[in-house]
Structures are given as C-alpha cells and as structure tokens.
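Inside the fold
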Number of protein chains: 2
Amino acid sequence: MLDRIKSLVEAKNVKELRSITEDMNEADIADAVEELEPEGRVILFRALSRDMAAEVFAYLSPDTKEALVSQLTTPELGRIVDELFLDDAADLVEELPLDVVKRILESASPDTRRGINQLLQYQEDSAGSIMTTEYISLRPDMNVEESFRHIREVGTDKETLYTCYVTDPKGILIGVVTVRTMLLSKYEDKIGDIMTDTNLISVNTNDDREIVTELFQKYDFIAIPVVDSEKHLVGIVTVDDAMEVLEEESTEDFHKMAAMLPMDEPYLDMGIAELARKRIIWLMVLMISATLSGSILNHYQSVFAALPALIASIPMLMDTGGNAGSQSSTLVIRGIAVGELRLRDALKVLFKEIRVSLMVGGGLAVVNFVYKYAMSGDFLLSLTVGISLFATVIFAQTIGGMLPLLAKSLGFDPALMAAPIVTTIVDAGSLTMYFMVASHIMTI
Amino acid sequence: MLDRIKSLVEAKNVKELRSITEDMNEADIADAVEELEPEGRVILFRALSRDMAAEVFAYLSPDTKEALVSQLTTPELGRIVDELFLDDAADLVEELPLDVVKRILESASPDTRRGINQLLQYQEDSAGSIMTTEYISLRPDMNVEESFRHIREVGTDKETLYTCYVTDPKGILIGVVTVRTMLLSKYEDKIGDIMTDTNLISVNTNDDREIVTELFQKYDFIAIPVVDSEKHLVGIVTVDDAMEVLEEESTEDFHKMAAMLPMDEPYLDMGIAELARKRIIWLMVLMISATLSGSILNHYQSVFAALPALIASIPMLMDTGGNAGSQSSTLVIRGIAVGELRLRDALKVLFKEIRVSLMVGGGLAVVNFVYKYAMSGDFLLSLTVGISLFATVIFAQTIGGMLPLLAKSLGFDPALMAAPIVTTIVDAGSLTMYFMVASHIMTI
C-alpha cells in the first residue's frame, strides 16, 4: 500500500490518492506521511479530504507536524486546526515552537482559538489539561427521540457521543445517560427518568490526571466528566486519552526507577544534551553517596590486608544485595502505583518481606557456601561469605520493601526509592556486615 | 456510605439495602462487600438485584469470590454466573480452585457453560483469551432503524453495543459500523452502505494480546474484532479489557527488569514460597555470574596489595557503572515496548548512546577527579579513578543501549536485558579497565 501511495505521489495523481485514502484508517495514512519526503508529504496531504486531513494531522509526530505547518498555506492550516478536536489542537500548540504556534492561532477561527486558549490554562498533568471541551449535553426534559435528533445535529464534531451529560440551566452536571441506555429505552422516555443521577463520578479540573486513570480502571467508563469548583460541567476525558496517560505514567515510573528524570518525548527525538542532563543528576548524587561504601572499605583496610581473599566476594555481595533489594522495591512501588498496596499495608509488607527474604537468603547462602567451599576448600571463608550473603539479602529485601512506603508516607514519589537508592544503602550495610562477620568468624 | 451499609447489614434490613444499592456503582458496592464480615457479605449480596449481583461479583477479589461461592446456594450461584459477561465468567473459572469451578459449571445454564468452555480453550495471553463472545452482529441489508430495533432486543447482554459487526451468511466479518455512524445517518440508510468494509482491523484468536493493545493505542477504537483462521467473527476485545492488559504487561516488564519471574497476582495475595521462588532463580544466576568479577579482583591481587587505596573506589565504580547501564537499557527496553524503537534503529541508538555517554561520563569524571584530589591529594590516584569512571560510563551506556536490541534481534524478550544483567557485565568490564588504567598510570 505504501509503495502504491509513493508512486501516486510521484505521479502527483491527486484524484487517485484521494480515492484510495478515503477508505484507509487515519493512523495508517499518518504512517505513510511519515515515510514520505517533505515535498511528497504536502502532495499527499492536499489530496486528503478536509476531515481526513485534520484526523491524519493529529496522528503525526511533532517534527513532521512542525515541518508540515511551515509548508502549508495559512488558509490550509486554518482549515485543519478548525477541524481538529480541541484537545488535539491544544496539544499541538503545546508541542510546537512559538513562531509556529502564532501562525496556527492566527489561522484558526475565533471559536477554535478561544477553545484552545481555555484548554491551555490548565496545569500540566491536571485533568483539565487532558480533557476535551467537546461533549454532548442534554436537558432532563428531553425524550430519547429528541436526544437522538440533537445528537444527529451537533454530533459530528464531538469526540465521544456515547455518553451524554445532563445539565441544569446553570450548566451544573446533574446526570449521565449513555447511548446504550437510550437505545435500550423507548423513544418517548424522558432523559430525566432514565439518566443516572446519584453517585455521579466526576473529577475536578485541577485533579491530577492519575486520578482520572484510576477511575477508568475502577469503573469501565468510556468517558469521565470534568467539573469546575462550582460543579459546572466543563469537559470530559475519553478512555483513549486515559490509555495514553496510563502508558506515559508507566514510562515515567520506568525512568524514575532507573535514576533518570522522567522524559515525555520519544528517545529518538530527544537531543544529546537533554538526554545527558536527564541522566547525570541522579548519577552524580549516587556517585557521591557511593563514596560512603568506599570509606567503609578504607576503614577495614587492615582486614583485607590480613586476608586478601575476602576481597574477591565483594562484587558478588554488592550485586546480589542490589538485585535482591530492587526486587522488593519494584514489587512495592508497582503495587502502590496500581493501587494494590496502601500505607496501612506497611506491616504486612514488612512481615512478608522478612519471611520471603529468609527463604531467598537461605537458599542463596547455602548454594554459595557449597560452591565457595568446593572451589577454595577454605571452610571459615566460605562460612563468612555465606552468613554475610544471608544477612545482606534479608537487609536488602526489608529495606527495599519499606523505603517506597516510607517515601509515600512522607509525601514523596515511591518510584524514587527504586534500585539505585536501595543499592547505595544496601552496599554500605552489606559491606559493614561482611567485615563484622569476618572479624568474628575468622578472628582477625 | 459504608457505615450506613454496615448498620443496615447488621439490622438485616434487606429492603433498605436494595434501595440504596440500586443507585450505587457496582465497583463501589464491591468495595463495601470486601469490607464486610463473611456473614454480612451474603446478606448484602442477597439484597442486590440479579443484574447488580453479577456485576458486583465480577469486581470482587479472587479470595472473596471463592468465599462467597461457598456460601451461596447452587441456584443463587447459577443465576449469577448466567448474568455475568462470558469473559468474566471464564476468568472466574480460571482463577478459582477446581472443586469450586465444578460447582459453578454445574449451576450455570448449558449455554453459559458452552460459552465458558469455548473461551477457556484459547492459550493464555492470546487475543482469544481476553475476548468476549458477546457482541452485536448485523446483516448488510438491515437499515438503521431495524438495526436499532435489533440492538434493543438483544442488547442488554452484550458487553459493548457501540460498535456493531457486519457478517455475511457464513459468519465471515465483512464490515464494521458504529452506533455513532448510525446515529449520524438516516433511519432508512442500509447498513451495507454506511459500514466500513475496507482495511478492516481485526486480530486472530491466536495473536498475542500485546498485538491487541498496540492496535488500541494506534487506533482509538472501543472494541476490536477477533476472527478465526477462516475469517469468521468469533469475538471482540473491548477497550477496558485492553487497558487492563496494558497495565498487566507493564507490571510484567517491571518484574522482569528487576530480575524476577513475572507475577500476575497482587503482592498481598501471593504466598511466601511462591514469592521466594519468583525471586531466587535470577538471583542465583546473577550471583554465580558475579563470581567472574570476583576472579578479576583475585587476578589483580598484587595491584591492590601494592596500592590498597585503589580498593576504596571499587563500590563507586561498580554502582555508577550499574546505574549508568540501567539508564540506557531502561530507555531502550521501554522504547521497544511502546513501539518507538525498532531493530532498524540500532545504529542510531549506538551513535546516540556513545555521544550521550561521552557527556555524562565526562561530567562525572571531572567532578569525581576534583573531589578525590581534594580529599586525598593523590594526583595519580585521582586521575586513575577519573579515567576509569569515564571509560566505565561509556562502556555501560553503550552496552546498556545495545543489549536489549540484540536480545530482540535474537527473538528474546528485551526486558530480560535490564539492570541486573547489564550490571553483571559492566562490573567485570569496569574492574578490568580500572586495573589496566591503574597499571599504566601508577606504574605498579
């Protein structure tokens, strides 16, 4: 299909291009646009119908959008922006450079411009910032047939029309009615009688967007209404946007847990300096903290001067401690993120981690002891390493399980208490224990 | 509200319980059920309407479901299972013990039983295993009004009725039409004329469920049809189920990246032995691999016998190398998971990681050199550590960036090439470099 489009673009066969794109999905056309040379993109784009052009545009990467905006004429651009769903238009304005944004806002109709500006006022990561102001609102005294007629009249522009919102004359949200309910009711039934009007689920514009995704996961909704502080309905968040947020939040957690500042741009689109900056800050903090472990080694210099064979097990102890700790912290951080673990579960987690780590630490220590003894034939050294390993795993998994909960109770992000921090703390602890055990057992 | 329910349950006021639960959301009632004592649960449950009971049941935790099943009579149980959406019923059968399952299947109607058994045949993690067989199918020669009437008649049981599927007499999927399109069309329009019948997006029952979530992320659909190898429509996957899969897949990646076997049960529900088993396997493998670093230290014993001050920087080098490597591997693994990075980007990633690591490594090395020199006053030692750190970061980030892509090209899961494995490899490399640099600079 892509080859077909490429050859039609080369032949500038606009008519044929329009006819084959008519039946294609917008996301697939956007893929094709990305693959073309800049000149080809404009040719393909101009061949699209007006609706289609806007929908395809919303799927493009920021770079391609920017390039395309500079190639289109102002009226062409205005038509696209006016056809975009308002939240997509607002996203566009947020991600493009200022001079490009100016051209976009100038070319949009006054209505669109007002809508975009309103959406841009909400704080990043708030429910307001991911909502759309395009939804269907009904009055309680309309009946199902009138409602369907209303949906037919105003519906083409609305991002979702399956859930309709019922408001009073002041615009206050008083009920919700799905097209499903309407389809399953009689045409003459009044909206006020069939709508759900108790325990309405809604979020405030300033609520964190994570609250929205939690609601979507708890209730299987297609959209959730957003109200202002006086309960006026101001927008809705649709499930496809919530799904995107869910993915972004997971990505942010992955980044934080690997000791990076979170990034919301794709890897390939990010500049070298920006990538380096996101990485170096935590590495620096952790590098300086790791000197603590170094000074512990310094402190015990006499021990490995007397027994250099002790040094060979340091990497194994440090690595196993780090890995064991990151297992526990990952389980707890993820448990908190998906809502399975709360602060009140802290004691359960502590108790569980102690018991699990006794088993894990015991298993590893026995294997290590046997292996080490078979290799070295040194019973006391093997015993020292085995006991230290046992203590390290218990220490690492208890610390790893508790730190994220501690962070949460102090109001910090649990994801920051992941592998890197746990490793730094566990290193210091495991090395200290190692030398203490060695001093006792090997009577240095 | 919960207190209200508790006191009504204690008073066994079934009538009032039914009236207040009628307006509540099922997910909230399920929360209340979880909070009650076993006897109270049955009282509340019996007060629910038949529909409501099934919907609430689907939201309960596996443990509560199992307990409740043992308390309900067989006819009560049968009514609930028959009212459940088929995919929920199949999930129920999968997660409960065999003797409970027998009771459930015996109490269900023959139709339900057949449906459950069919769904259970599909492989875990396949599209078939997450689909529901309840969807609305239309014929191309029906018009919009007839379709609405059909939806009214059969619709109450269907999990989603917003996307209807058009099949030919043999049951082969020939088109898709949304209620949105129908609402925006005239009542007398023929389905065959308004349906989408080209570039239909569908998955095969045996496709991996990740393919389904990728399609949901690419196209903003509410449901995706599932067909068998002869293109017969056999089910649909709805967006709420896809969202759950997305969350589960992220959780699995978190687990794998922290060197655990993936778990799909909540942390608090898992047994100690099971948790220990999921953790110990990779720890064991990594512990044994870490002895490689130990033997490198052994090999260079003479170096730190001559210069014991070198030992103090080993934890810092190992930790920074591990952290730097896990940053790169996390970015690449996540990039692959969300579809931003592909195998053909390998060279771009390599080139980018080299440049970023030059900056990050350079910055860290300079700070470390200055700090170390200020502390120790030993120029050659500080230079040795600084240069080794620089080389370690470059090595770590290049390896960290490339390993996940290598794993993917060999058909393995990139998530397995995360922090733990990268750390083990980087440790050996960084220690070797450290001693080589030390031998040259400090002329030992």
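Computed from a predicted model, the values in this text were never measured in an experiment. (Residues numbered from 1 in each chain as written. Chains lettered and ligands numbered in written order. Predicted model: local features only at pLDDT ≥ 70, side-chain atom pairs only at ≥ 80, totals over all residues. Heavy atoms only, no water.)

So, on to the overall build of chain A. Looking only at helices and strands, chain A features 22 helices and six strands. The C-alpha radius of gyration computed for chain A amounts to 30 Å, which surpasses the reference 22 Å derived for 444 residues by more than 25%, pointing to a less compact arrangement than a globule. Along the longest, intermediate and shortest principal axes, the C-alpha atoms of chain A span 90 × 60 × 35 Å. Counting every position in chain A, which comprises 444 residues, the buried fraction comes to 53%. Counted over contacts in chain A with a minimum sequence separation of 6, partners at least 24 positions apart contribute 67%. Just so you have it, chain A exposes about 18600 Å², and 54% of that area is on carbon and sulfur atoms. (Helix = DSSP H or I, 4+ residues; strand = E, 2+ residues; numbered from the N terminus. Rg over C-alpha atoms; globule rule 2.2 N^0.38 Å. Buried < 20%, exposed > 50% of the residue type's maximum accessible area, 1.4 Å probe, protein only. Contact = heavy atoms within 4.5 Å. Areas by Shrake-Rupley, 256 points an atom, 1.4 Å probe, with all protein chains shown as cover.)

This next bit is on the side chain of B:T167. As for its position among the elements, B:T167 is in strand β2 (residues 163-167). The residues touching B:T167, leaving out its near neighbours within four places in the chain, are B:S137, B:L138, B:R139, B:P140, B:I172, B:L173, B:I174 and B:L233.

It is worth spelling out the sheet that holds strand β2 (residues 163-167) of chain A at this point. All names here are of chain A. Strand order in the open sheet made by the three strands is β1-β2-β3, with mixed pairing throughout. The outermost strands of the open sheet, each flanked by one partner alone, are β1 (137-138) and β3 (173-178). As paired elements, β2 and β3 share five bridges and run antiparallel to each other. For C164, the partnering residue across the bridge sits in β3 and is V177. (Pairing = 2+ DSSP bridges.)

With that out of the way, let us pick up a nonpolar patch on the surface. Nonpolar side chains collect at one region of the surface, where A:I288, B:V367, B:Y371 and B:M375 lie side by side and expose about 370 Å² of accessible area between them. Tallying contributions element by element places helix α20 (residues 346-376) of chain B first for the nonpolar patch, with three residues. Mapping B:M375 onto the fold places it in helix α20. Note on B:M375: relative accessible area 62%, which makes it exposed. (Patch = residues over 30% accessible without salt bridge, like charges linked within 9 Å, V, L, I, M, F, W, Y side chains within 5 Å. Salt bridge = Lys/Arg side-chain N within 4 Å of Asp/Glu carboxyl O.)

Two side chains with opposite charge may pair up if their charged atoms get near one another. Following the criterion strictly, the structure yields 26 salt bridges over all chains and no others. Across the salt bridge formed by B:E16 and B:R4, the nearest N and O atoms sit 3.0 Å from each other. In this pair, B:E16 is assigned in helix α2 (residues 14-22) and B:R4 in helix α1 (residues 2-10), connecting sequence segments twelve residues apart. B:R4 sits in the partly exposed class, given a relative accessible area of 40%. Note that B:E252 is salt-bridged to B:R209, the shortest N-O span being 3.8 Å. In this pair, B:E252 sits in helix α16 (residues 239-257) while B:R209 sits in helix α15 (residues 209-218), placing the two residues 43 residues apart along the sequence. Here B:E252 matches B:R209 in class, with each residue buried. Through salt bridges with shared partners, one network takes in A:D125, A:R209, A:E248, A:E249 and A:E252.

On to the nonpolar core. Core analysis: the biggest nonpolar cluster contains 161 residues, and A:F45, A:M182, B:F45, B:V179 and B:M182 have the highest contact counts within it. Filtering out sequence-adjacent residues up to four positions away, B:M182 remains in contact with A:R152, B:L138, B:V144, B:S147, B:F148, B:I151, B:C164, B:V177, B:I191 and B:I194. A:A258, B:M318, B:V332 and B:Y434 belong to the second-largest nonpolar core, a separate cluster that totals 95 residues. (Core = buried A, V, L, I, M, F, W, Y, C linked by side-chain atoms within 4.5 Å.)

The next point concerns the interface of chain B and chain A. At the interface, 115 residues of chain B touch 117 residues of chain A. Both faces considered, chain B and chain A share a buried interface measuring about 10700 Å² in area, 66% of it formed by carbon and sulfur atoms. For chain B, the biggest contributors to the area lost against chain A are B:M243, B:F254 and B:Y267; these three give 8% of the whole. Run the count over chain B and chain A and you get six salt bridges. Close ionic contact of B:D31 with A:K218 constitutes a salt bridge, the shortest N to O distance being 2.7 Å. In this structure, the connection of chain B to chain A is made through 37 residue pairs in polar contact (both at pLDDT 80 or more). (Buried area = accessible area lost by both parts, 1.4 Å probe. Polar contact = N/O pair within 3.5 Å; in protein donor to acceptor, adjacent residues only side chain to side chain.)

Residue and element names in this part refer to chain A. Checked against the element boundaries, A396 lands in helix α21 (residues 379-409). Classification of A396 by relative accessible area gives buried; the value is 0%. It is 60 Å that separates the C-alpha atoms of A396 and S185, two residues lying 211 residues apart in sequence. Beyond its immediate sequence surroundings of up to four residues, A396 is in contact with G321, A324, G325, V422 and V426.

Our next topic: the pairing of β2(A). Residue and element names in this part refer to chain A. Of all the five residues making up β2, five are buried; the element is thus mostly covered by neighbouring parts of the structure. The alternating pattern of β2 places T163, Y165 and T167 and C164 and V166 on opposite faces, both of which are buried. Two strands pair when backbone bridges link them, and β1 and β2 are joined in this way by two bridges, in the parallel orientation. If you follow L138 over to β2, its bridge partner there is V166. The antiparallel pairing of β2 with β3 creates a hairpin that spans five residues between the two strands, and G171 there sits at a positive phi of about 90 degrees.

This part covers the sheet that holds strand β4 (residues 203-204) of chain B. All names here are of chain B. Strand order across the open sheet formed by three strands is β4-β5-β6, with mixed pairing between neighbours. Among the strands making up the open sheet, the edge pair consists of β4 and β6 (233-238). For strand β5 (residues 223-227) and β6, the ladder comprises five bridges, and the chain directions are antiparallel. Residue I224 lies in a different strand from β6, and its bridge partner there is V237. Together, β4, β5 and β6 form the strand contacts of α15, whose direction differs from that of β5 by roughly 140 degrees. (Axes fitted to C-alpha atoms, helices over the stretch in contact; angles between N-to-C directions.)

Residue and element names in this part refer to chain A. With respect to the helices and strands, the residue T384 is situated in helix α21. Exposure remark for T384: the relative accessible area of 0% places this residue in the buried category. In this view, T384 contacts L310, Y434, V437, A438, I441 and M442; residues no more than four positions away in its chain are not counted.

Let us now look at the relation of the copies chain B and chain A. One copy of the chain maps onto the other through a rotation about an axis followed by a shift along the same axis. Overlaying chain B with chain A gives an RMSD of 0.1 Å, the required rotation being 180 degrees about an axis along which the chain moves by 0.0 Å. Seen this way, the second copy is the image of the first under a two-fold rotation axis. A share of 100% of the interface residues of chain B reappears at the interface of chain A, consistent with the copies meeting face to face through the same patch. (Least-squares fit on C-alpha atoms with pLDDT ≥ 70 in both.)

Attention now goes to empty space enclosed by the protein. Evaluated as defined, the whole model comprises five cavities of 30 Å³ or more. The computed volume of the largest cavity comes to approximately 410 Å³. For the largest cavity, the lining is made up of 29 residues, of which A:S326, A:A419, A:P420, B:S326 and B:A419 are closest to its centre. Considering each element in turn, the lining of the largest cavity owes the most residues, seven residues, to helix α19 (residues 314-337) of chain A. Taken together, the residues of the lining of the largest cavity break down into 14 nonpolar, eleven polar and four charged. (1 Å grid on protein atoms, 1.4 Å probe; cavity = no way out; pocket = protein on both sides within 12 Å on 5 of 7 lines; lining within 4 Å. Points joined across faces, edges and corners; volume = space filled by probe spheres on them. Nonpolar A, V, L, I, M, F, W, Y, C, P; charged D, E, K, R; others polar.)

All names here are of chain A. In this structure, K231 takes a positive phi of about 70 degrees despite not being glycine. Here K231 is to be found in the loop between β5 (223-227) and β6 (233-238). The backbone of A259 shows a phi angle near 60 degrees, a positive value even though the residue is not glycine.

A few words now on a negative patch on the surface. Negative charge collects at one region of the surface, where A:D63, A:E66, A:D91, A:E94, A:D99, A:E124, A:E244, A:D264, A:E265, A:D269, B:D220 and B:E340 lie side by side. For the negative patch, the elements supplying multiple residues, two or more each, are α6 (62-71) and α8 (86-95) of chain A. Positionally, A:E124 belongs in the loop between α10 (110-120) and α11 (127-130). Judged by relative accessible area, A:E124 falls into the exposed class, the value being 63%. (Lys, Arg positive; Asp, Glu negative; His and termini not counted. Charge placed at Lys NZ, Arg CZ, Asp CG, Glu CD.)

Our next topic: helix α6 (residues 62-71) of chain B. Since one α-helical turn is 3.6 residues long, residues separated by three or four positions face the same way. Taken together, the buried positions of α6(B) are B:T64, B:K65, B:L68 and B:V69. With its buried residues spanning 135 degrees around the axis, α6(B) presents them on a single face. (Arc of directions from axis to C-beta.)

Attention now goes to helix α3 (residues 26-35) of chain A. Every buried residue of α3(A) is accounted for by A:E26, A:A27, A:I29, A:A30, A:A32 and A:V33. Put simply, A:N25 is the residue that caps the front of α3(A), since its side-chain oxygen is 2.8 Å from the backbone nitrogen of A:A27.

All names here are of chain A. Of note, M433 is situated in helix α22 (residues 419-441). Along the primary structure M433 and A54 are separated by 379 residues, whereas in three dimensions their C-alpha atoms are 64 Å apart. Those residues in contact with M433, other than ones at most four positions away along the chain, are S388, A391, T392 and F395.

Purely geometric stuff here, so don't read any function into it on its own.
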